[in-house]
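Residues per chain, in single letters:
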Amino acid sequence: MALEKTWRWFGKNDPIKLEQLRQFGVEGIVTALHHIPVGEIWPKEEIMAVKHEIERHGMRWSVVESLPVSEEIKICSPERSLKVDNYIASLRNLAECGITTVCYNFMPVLDWARTDLHFKNEFGTESMLFDYETFVAFDVFILNRPGASGDYPQETVLRAAEIYQGMTPEESNTLAYNIIVVTQGFINGTVGNVLDFKEVFLKFLDRYRNIDTEILRQNLLAFINDVVPVAEECGINLCIHPDDPPFPLLGLPRIASTIADFEWLFSNCTSLANGLTFCSGSLSVRPDNDLLEIIEKFSERIHFVHLRNIKRSSERSFYESAHLDGVVDMVPILRLLLNEQQRRRTSGSGDPRMPFRPDHGLKMLDDFDRQSNPGYPLIGRMRGLVEIAALQMGIERSLNN
Ligand code: DNO
């Protein structure tokens, strides 16, 4: 027994090719129809084309990551109902094609954030870093978001000012471009690769002017109430991805960061089709998130697993580390997940595949010679996949002996 070994693949343009993946044991693919603009319907023929391509290489399309939720749904604008209808149509199409695990997130505007995409680790590897004060420098001094400095304690703003003063104009432009365009672009970012990306971004942020935590929660719940009954009817498991990082940024609310957030979401809609993507890397950034408690509380609704590790550099700052080396102890996490898989197998209730993917990876060895999306190198992720697979086997054997 083991969690299904999956791999995020970005489609035909991904420099890492499907034919390479079976070589090191990948069983399932995690992907999306990246070429379809957010909010439009995913047609069945296009889903089938990708599915066949994956199957031709001896794997299965295990998980959709992500079927993105349009900003119109998150802010509940007048186009909301059209976007929800489209979302539902895509879900039905996916189900008809036999793809039944769908990950999404409900983060306003930015899907995830890092301030350094080339952080040098010891021994010559590279990963991504999020430095809170540098992010504040971006928000307050580079983006010049109106009212931004009032969203942070004064000492944080002062420290951010020092950081900003130490940057060249080129460095500050790269920081903004990385946050708004580079880290978002390959996963269907909100702001395209346009010259005035900062202005466009500010406009998107401004649409949340009157949206606080409570309103965003109500908008999420309205979305869940619309789509979960359909998902349930057609056998789809939806799974929300936690906020990354799991605290408010840019004056925007965050509602999928803590155990309390998930308790709220799952108690307001108890269907198991209303599920969770357990992401160890995102959740562990907050020391007050007890990852084992999260698994234990929500185990039957964990439909997808992201395994990744971090090291904290200060209170809200962290960098990504090797999968088995960091604040996340993978051993008890895997033990609980394997227990849940066993429960599903013996009880016959719930999908027993429990797909996991090595989320992100260190850039290492000839990853430096190969183009890849930030966080998604070949060798570093392969190392994570293999380490986690081997660890599971060890846990499994020790449990059974
Ligand atoms: C980045 C990812 C995110 C994640 C989405 C899920 O590498 O962790 O893009 O896939 O937030 O909806």
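In what follows, the accompanying structure is described.

1. So, the sheet that holds strand β11 (residues 317-321)
Link 1 in the chain: Here 4 strands make up an open sheet; going across it, the order is β5-β6-β11-β10 and the pairing antiparallel. Strand pairing shows two members of the sheet lacking a second neighbour, β5 (116-120) and β10 (309-314), which therefore form its edges. In this sheet, neighbouring strand axes are inclined to one another by 35 degrees on average, regardless of whether the strands run parallel or antiparallel.
Link 2 in the chain: Here β10 pairs with β11 via 5 bridges, running antiparallel. Residue pairing for β11: N309 is matched across the bridge by S321.

2. Points about the layout of surface pockets
Link 1 in the chain: Looking at the largest pocket, its volume works out to about 720 Å³.
Link 2 in the chain: As for the largest pocket, its lining consists of 34 residues, of which F10, N13, D14, F186 and N373 are closest to the centre.
Link 3 in the chain: Mapped onto the lining of the largest pocket, the elements with two or more residues apiece are α2 (44-56), β5 and β6 (126-130).
Link 4 in the chain: Examining the composition of the lining of the largest pocket, we find that 4 residues originate from one element, α2, more than from any other.
Link 5 in the chain: A class-by-class count of the residues in the lining of the largest pocket yields 14 nonpolar, 12 polar and 8 charged.
Link 6 in the chain: By volume, the second largest pocket amounts to about 550 Å³.
Link 7 in the chain: Lining the second largest pocket are 39 residues; nearest its centre among them are P68, N105, D111, I187 and N188.
Link 8 in the chain: Looking at the lining of the second largest pocket residue by residue, the class counts come to 15 nonpolar, 12 polar and 12 charged.

3. Let's talk about the site of the ligand
Link 1 in the chain: If you check the shell around the ligand, you find 13 residues, and the closest are E65, S66, D111, H360 and Y376.
Link 2 in the chain: Take N105: an N or O atom from its side chain is 2.9 Å from an oxygen atom of the ligand.
Link 3 in the chain: H360 is positioned such that a nitrogen or oxygen atom in its side chain is 2.6 Å from an oxygen atom of the ligand.
Link 4 in the chain: Bound to the protein, the ligand loses 99% of the 320 Å² it would expose on its own.

4. Quick notes on the pairing of strand β4 (residues 101-104)
Link 1 in the chain: Side chains T101 and C103 project from β4 onto one buried face, and the interleaved V102 and Y104 project onto a second face that is buried too.
Link 2 in the chain: Bridging between β4 and strand β7 (residues 237-240) involves 4 bridges; their strand directions are parallel. In the sheet register, V102 faces β7, and the bridge partner there is L238.

5. Quick word on empty space enclosed by the protein
Link 1 in the chain: Summed over all chains, the structure comprises 3 cavities of 30 Å³ or more.
Link 2 in the chain: Here the largest cavity is characterised by a volume of approximately 70 Å³.
Link 3 in the chain: Surrounding the largest cavity, 13 residues form its lining, V38, G39, E40, L67 and P68 being those nearest its centre.
Link 4 in the chain: The residue makeup of the lining of the largest cavity, split by class, is 7 nonpolar, 4 polar and 2 charged.

About the cut-offs
Residues numbered from 1 in each chain as written. Predicted model: local features only at pLDDT ≥ 70, side-chain atom pairs only at ≥ 80, totals over all residues. Heavy atoms only, no water. Pairing = 2+ DSSP bridges. Helix = DSSP H or I, 4+ residues; strand = E, 2+ residues; numbered from the N terminus. Axes fitted to C-alpha atoms, helices over the stretch in contact; angles between N-to-C directions. 1 Å grid on protein atoms, 1.4 Å probe; cavity = no way out; pocket = protein on both sides within 12 Å on 5 of 7 lines; lining within 4 Å. Points joined across faces, edges and corners; volume = space filled by probe spheres on them. Nonpolar A, V, L, I, M, F, W, Y, C, P; charged D, E, K, R; others polar. Near = heavy atom within 4 Å. Polar contact = N/O pair within 3.5 Å; in protein donor to acceptor, adjacent residues only side chain to side chain. Areas by Shrake-Rupley, 256 points an atom, 1.4 Å probe, with all protein chains shown as cover. Buried < 20%, exposed > 50% of the residue type's maximum accessible area, 1.4 Å probe, protein only.

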